Amino acid sequence: MRTPPATIQSSPLVALRNVGKTFPNGIRALAGLDLDVRPGEFLALLGPSGCGKSTALRIIAGLSEPSEGAVEWPRAAAAAESESRIGFVFQEPTLMPWTNVFNNVLLPLKLKSEPAGKAAARVKAALDRVGLQSFDRAYPRELSGGMRMRVSIARALVTEPQLLLMDEPFAALDEITRFKLNDDLLQMWQALRTTVIFVTHSVFESVYLANRVVVMAARPGRVFSELSVDAPYPRNQDFRTSPAYAASCRRASAALAQAMAAGGEP
Amino acid sequence: MNARGSVGEHRERALRIALPVAVLALGLAVWELVVRSEGIPPYVLPAPDLVLRTLFADWTLLSHSLLVTLITTVEGFLLAAVGGIGLAVLFNQSRLVEYSLYPYAVILQVTPIVAVAPLLLIYLPQQAAVLACAWIVAFFPVLANTTLGLNSVDRNLADLFALHGASRGQVLWHLKLPSALPYMLGGLRIAGGLSLIGAVVAEIAAGSAGAGSGLAYRIAESGYRLNIPRMFAALLLLSLAGIVIFYLLSVISHLALRRWHESALDGEH
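Calculation rules
- Residues numbered from 1 in each chain as written.
- Chains lettered and ligands numbered in written order.
- Predicted model: local features only at pLDDT ≥ 70, side-chain atom pairs only at ≥ 80, totals over all residues.
- Heavy atoms only, no water.
- pLDDT = per-residue confidence, 0-100.
- Domains from an automatic or database assignment.
- Buried area = accessible area lost by both parts, 1.4 Å probe.
- Salt bridge = Lys/Arg side-chain N within 4 Å of Asp/Glu carboxyl O.
- Polar contact = N/O pair within 3.5 Å; in protein donor to acceptor, adjacent residues only side chain to side chain.
- Core = buried A, V, L, I, M, F, W, Y, C linked by side-chain atoms within 4.5 Å.
- Buried < 20%, exposed > 50% of the residue type's maximum accessible area, 1.4 Å probe, protein only.
- Contact = heavy atoms within 4.5 Å.
- Axes fitted to C-alpha atoms, helices over the stretch in contact; angles between N-to-C directions.
- Helix = DSSP H or I, 4+ residues; strand = E, 2+ residues; numbered from the N terminus.
- Parallel < 35°, antiparallel > 145°, perpendicular 65-115°, else oblique.
- Left-handed = near helix turned anticlockwise from the far one by under 90°.
- Nonpolar A, V, L, I, M, F, W, Y, C, P; charged D, E, K, R; others polar.

*Asks:* Could you give an account of the confidence of the model for chain B, with specific residues and numbers?
*Replies:* Looking at chain B as a whole, the pLDDT averages 90, with 94% of positions reaching at least 70. Listed scores for the predicted complex are pTM 0.84 and ipTM 0.89.

*Asks:* Which residues make up the domain arrangement of chain B, and what values do they have?
*Replies:* Put simply, an interface is often sized by how much accessible area is lost when its parts join up. All names here are of chain B. Here chain B is partitioned into domain 1 (1-40) and domain 2 (46-264). Carbon and sulfur atoms make up 68% of the surface buried where domain 1 meets domain 2, a total of about 430 Å² over both sides. Taken as a group, Trp31, Glu32 and Val35 account for 82% of the area that domain 1 buries against domain 2, more than any other trio of residues on that side. In this structure, the connection of domain 1 to domain 2 is made through one salt bridge. For the interface between domain 1 and domain 2, the tally reads three residue pairs in polar contact (both at pLDDT 80 or more).

*Asks:* Report on the nonpolar core, specifying residues and quantitative values.
*Replies:* Residues and elements named next belong to chain A. Core analysis: the largest hydrophobic core is formed by 64 residues, its most contacted members being Ile60, Phe88, Leu163, Leu165 and Ile197. Residues in contact with Leu165, not counting those within four places in the same chain, are Leu57, Ile60, Ala61, Ile86, Gly87, Phe88, Val89 and Ile197. Counting 55 residues, the second-largest nonpolar core is a separate cluster that includes Ala138, Leu143, Ala252 and Ala255.

*Asks:* Kindly report on the packing of helix 6 (residues 126-150) of chain B against helix 8 (residues 168-207) of chain B, identifying the contributing residues and their values.
*Replies:* Residues and elements named next belong to chain B. Following both chains from N to C, one finds helix 6 and helix 8 inclined at 155°, their axes separated by 6 Å at the closest point. With respect to their mutual orientation, helix 6 and helix 8 come out roughly antiparallel. Once helix 6 is placed against helix 8, the crossing between them reads as right-handed. Per-class residue counts for the contact of helix 6 with helix 8 are 21 nonpolar, nine polar and two charged.

As C-alpha cells, then:
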C-alpha cells in the first residue's frame with residue numbers, strides 16, 4: 001500500500017532521536033533529546049545559557065557527533081546531500097576579514113567549485129535579498145555590526161539551503177537593529193520557504209519570530225516543553241504590540257521559568 | 001574639533017621626524033667638536049666629516065662591497081622566506097614531519113651563529129657558507145610566526161569550511177594561509193634584519209680567510225690596517241642598508257594588510 005501524501009507532508013525534515021552529548025571533560029551537554037523539525041517551519045529553541053541549544057544545532061549541522069542517539073533525515077535521499085543543504089549563521093558574523101563582501105558570500109559556492117558566472121549571479125541575488133547590493137566591494141571592517149550580520153545571512157542563504165540554522169545571531173546587536181533584522185529575516189523566510197531553527201535566550205524574540213517555540217532545560221540539556229505561536233505571518237510592529245503577542249510571551253516566560261527551576265543549580 | 005584633531009596629528013607627525021633628526025644633529029655636532037678641540041687622531045676616533053669624506057673617497061670600493069653584502073642578504077632572506085613558510089605549511093599538514101624536524105629547527109636557532117660560521121666555512125665554499133649563515137639566522141622567525149598564524153584560525157570559520165565540505169587544500173589556501181598572513185609578514189620583517197646580521201657574521205668569520213669582499217669583510221680588513229675612518233664609513237652603510245630593508249618590508253606589510261588587519265589601521269577606524 002502506498003503511503004498517503006499527507007504522511008509525507010508531515011514527516012519531519014530532520015529528527016533528533018534520543019540524542020545525547022557528553023564532552024571529553026565529562027560534561028553532559030545533552031541527554032535524551034527528541035526533536036522533530038517540520039519542513040517549512042520557523043522553530044525557536046529557547047533556553048537558559050548552558051542548556052545545550054548550540055550543541056544541538058552543531059549536531060544537526062554535522063559539526064559535532066552525538067555521543068548517543070541519532071540524527072535522521074527522513075526526506076533526504078542521502079545524508080551527505082542534506083548536509084550540503086544547510087546554512088549556518090553563527091553568534092558572530094564570522095566573516096573573512098581579508099576579503100570583501102562579495103567573496104565572503106561567494107565562499108560556499110567556491111568551495112563547491114560552482115562555475116564563476118553562475119556563482120556571481122547567485123551572490124548578487126543573495127546580497128539583494130539582505131539589502132547590501134551596493135556593498136559588494138566593501139571589506140567587513142568597513143561595515144556596521146548589523147550589516148556584517150546581514151552579510152553572514154546572505155552567505156548562509158546563497159546556497160538556497162533547505163535548513164537554516166541560526167545560533168543567537170542577533171544577541172550582540174542593539175535593539176533597533178535587532179528588530180529590523182527580525183522583520184527582514186521573517187520576510188526572507190517567507191520568500192524562500194526554507195526551514196529555520198533559531199536558537200535564542202530571548203523570550204520576546206522567540207515568540208515574535210517562530211511558529212513553534214521549544215523550551216529547553218539545562219544540566220543535562222533536553223526538551224522541557226513546547227508551545228505554538230499561532231499568529232499569522234507577515235508579522236510586524238502591530239504584532240509586537242498586540243495582546244496576542246503579550247499572551248504568548250507570558251506563556252513562554254512561564255515555561256522558561258519552569259524549565260530553569262527543573263534544570264537544577266549550575 | 002575635527003580641524004583641531006588634524007592639526008594635532010600634523011604636529012605629532014612633524015615631531016616624530018624632527019626630534020630624532022635633532023638628536024642626530026646634536027650628537028654629530030658634539031662628536032665633531034670633541035674630536036677637534038681635543039685633537040683626537042683619526043686612527044683613534046675620526047670626526048663625522050672625515051667619515052663622510054672617506055665614504056665619498058672610497059665609494060667605488062665600498063659600493064662594490066655593499067652590493068656583495070646586499071645580494072647575500074637578499075638571497076638569504078628569500079631562502080629564509082621560502083624555507084620558513086614552506087616548513088611551516090609542511091608542519092601544519094603533517095604532525096609526523098613536525099615532530100621529526102621541529103626540534104632541529106629550534107637547535108639551529110638557539111646555537112649562536114657566530115660559533116657555527118667558522119665550521120660552515122670549513123665545509124662549504126665561502127659564498128655558500130655566507131648564504132647558509134644568513135639563512136640559518138633568518139628562517140626561524142618566519143617558521144615560528146607562520147606556524148603560529150596557521151594555528152590561529154577563527155574556529156567558527158573553520159566550522160563553516162567543514163560545513164561546506166572544504167578539502168584540505170581549500171582550507172589551507174582559502175582559510176589558513178590568509179589567516180596566517182599578518183603573522184607571516186611579521187616574521188619576514190624580523191627575518192630581513194636577521195639575514196643582514198647572518199651575512200655580516202659569516203663575512204667577519206671568513207674575514208681572516210681573506211677571499212671575501214662584502215662590507216663586513218671591509219670592516220675587518222680596515223681594522224687590521226688601522227683605517228678607522230673606512231671602518232666607520234662601512235658601518236654607516238651597513239646600518240643604512242638595515243634601515244632600508246626594515247622600512248621596505250614594513251611598507252610591503254602595510255600595503256598587504258591595510259584594508260583588513262588591526263595592525264595596519266589608523267586611529268580613525
